[in-house]
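Overview (structure and organization)
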Amino acid sequence: MSSAIEVTHAPTVSPSGAALGADIGSIDLNEALAPAQVDAIKAAWADHLVLRFRNQKRLTLENLVAFSRHFGTLDKRPTASGKMSVEHDALPPAITVISNVKVGGKPLGALGDGEAVWHADMTYNERPPKGACLYAVEVPPAGGDTHFSNMYRAYETLDPTLQSRIRDLRCVHDASRNSAGELRLGFSDNTDPRQTVGATHPLVSVHAVTGRACLLLGRRRNAYIAGLDLEESEALLDQLWAHATRPELTWTQVWKVGDVMMWDNSCTMHRRDSFDPGARRLMYRTQIAGDAVR
Ligand code: OGA
Ligand code: MN
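Residues numbered from 1 in each chain as written. Chains lettered and ligands numbered in written order. Predicted model: local features only at pLDDT ≥ 70, side-chain atom pairs only at ≥ 80, totals over all residues. Heavy atoms only, no water.

**A short note on the packing of aromatic side chains**
Tallied over the entire structure, the rule returns 4 aromatic pairs. Between Phe-67 and Phe-71, the aromatic rings sit 5.1 Å apart at their centres with planes inclined by 65°, giving edge-to-face as the arrangement. Each member of the pair Phe-67 and Phe-71 is classed as buried. Measuring from ring centre to ring centre gives 5.6 Å for Phe-148 and Trp-263, while their planes differ by 45°; the resulting arrangement is tilted. A residue pair is termed long-range when its members are at least 10 positions apart, and Phe-148 in strand 10 (residues 146-150) and Trp-263 in strand 17 (residues 260-264) qualify at 115 residues. Both residues of the pair, Phe-148 and Trp-263, belong to the buried class. Aromatic ring contacts, followed pair by pair, group Trp-45, Phe-53, Phe-67 and Phe-71 into a single cluster. (Phe/Tyr/Trp six-rings, centres within 6.5 Å; stacked < 30°, edge-to-face > 60°. Buried < 20%, exposed > 50% of the residue type's maximum accessible area, 1.4 Å probe, protein only. Helix = DSSP H or I, 4+ residues; strand = E, 2+ residues; numbered from the N terminus.)

The structure is reproduced here in structure tokens:
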């Protein structure tokens, strides 16, 4: 038997050329990563905000969890309490299913086949997640693309007058509905932004790792800027949202089976296109716990 010589490949980083995003190559997420590889991925994540790892078709859920754990503590999947068609107890507790596939009339996972409007994940919590990894096992032939937007750039490209106007403003983030528009368990159907239940965060936050300022918008529905008249708050939010979701700030992921996307949830937003309800889309997701917003 020949003794194997350990060769650790430095991952390659190929920027998308858009406002954010890079492909990471020469890496198999099913293998244990060397510390230098993890460091290289962390550096690329800080630089490019959203990373894509293609051709990870062999990846097991246990190894998706092991990979994700390099970047922080993982959140447990939320309890679906009878909404899902199968009990997920057999899956690792850090794995959430994102899928429209139905078994016996009930979905296998979350988010369905409709549009998921622009959002950052769970910013209605005091400590929103730091990021998430989404692994594609089945993708529809068309639609279901995921768009990402760069919130550093959104802040940096604002008019300086507007930058200083929003610098000390805080906004409430609505906890009542998810990005697919579904009312979450235990919330009433509020339509008055002044009555919104959810965490309040600065409109301009400082990234925990990079120290750079970014816009923190979270979700548009029922958002309200504390201390402003409702009309004033609505007008300012409309202006900021229109600015932050302009195509030149975005990058679009057209999914292939075996893709793993990893996004920084503090300095990006994302939205998903709808797709044919007759097509199948099946993804597995992990979520990395975050720190208090600064
Ligand atoms: C998410 C999400 C989008 C998608 O998992 O947080 O928004 O493309 N998913 O399924
Ligand atoms: Mn999301």
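**Structural notes on the coordination of the manganese ion (ligand 2)**
Within the protein, His-119 (NE2), Asp-121 (OD) and His-270 (NE2) serve as the donor atoms for the manganese ion (ligand 2), at 2.1 Å. The motif formed by the donor residues of the manganese ion (ligand 2), counted along the single chain, is H-x1-D-x148-H. Of the two residues, His-119 sits in strand 8 (residues 116-119) while His-270 sits in strand 18 (residues 268-272), which places them 151 residues apart along the sequence. Comparing His-119 with His-270 shows no difference in burial state: the two are buried. (Donors = N, O, S within 2.8 Å, 3.2 Å for Na, K, Ca; no water.)

**Considerations on the pattern of salt bridges**
Overall, the coordinates contain 16 salt bridges when judged by the stated rule. A salt bridge links Arg-58 to Asp-28; the shortest N-O distance between them is 2.6 Å. Of this pair, Arg-58 sits in the loop between strand 3 (50-53) and helix 2 (61-68) while Asp-28 sits in the loop between strand 2 (22-25) and helix 1 (35-48); the two residues are 30 residues apart in sequence, bridging distant segments of the chain. Between Arg-220 and Glu-234 there is a salt bridge, with its nearest N and O atoms 2.9 Å apart. Pair noted here: Arg-220 is in the loop between strand 14 (213-215) and strand 15 (224-225) and Glu-234 is in helix 5 (residues 230-244), with a separation of 14 residues, a long-range link. Residues joined in a network through salt bridges with shared partners are Asp-28, Glu-31 and Arg-58. (Salt bridge = Lys/Arg side-chain N within 4 Å of Asp/Glu carboxyl O.)

**Description of the nonpolar core**
Judged by nonpolar contacts, the single largest core of 41 residues is most densely connected at Ile-166 and Leu-215. Elements with a minimum of two residues in this core: strand 9 (131-138), helix 3 (151-156), helix 4 (160-166), strand 14, helix 5 and strand 17. At 5 residues, the largest contribution of residues to this core is made by helix 5. Leave out the neighbours within four places in its chain, and Ile-166 touches Leu-158, Leu-203, Val-204, Leu-215, Leu-236 and Leu-240. Counting residues in each nonpolar core, the second largest holds 31 residues, with Leu-64, Ile-95, Tyr-135 and Ile-288 among its members. (Core = buried A, V, L, I, M, F, W, Y, C linked by side-chain atoms within 4.5 Å. Contact = heavy atoms within 4.5 Å.)

Just geometry here; none of it tells us what the structure is for.
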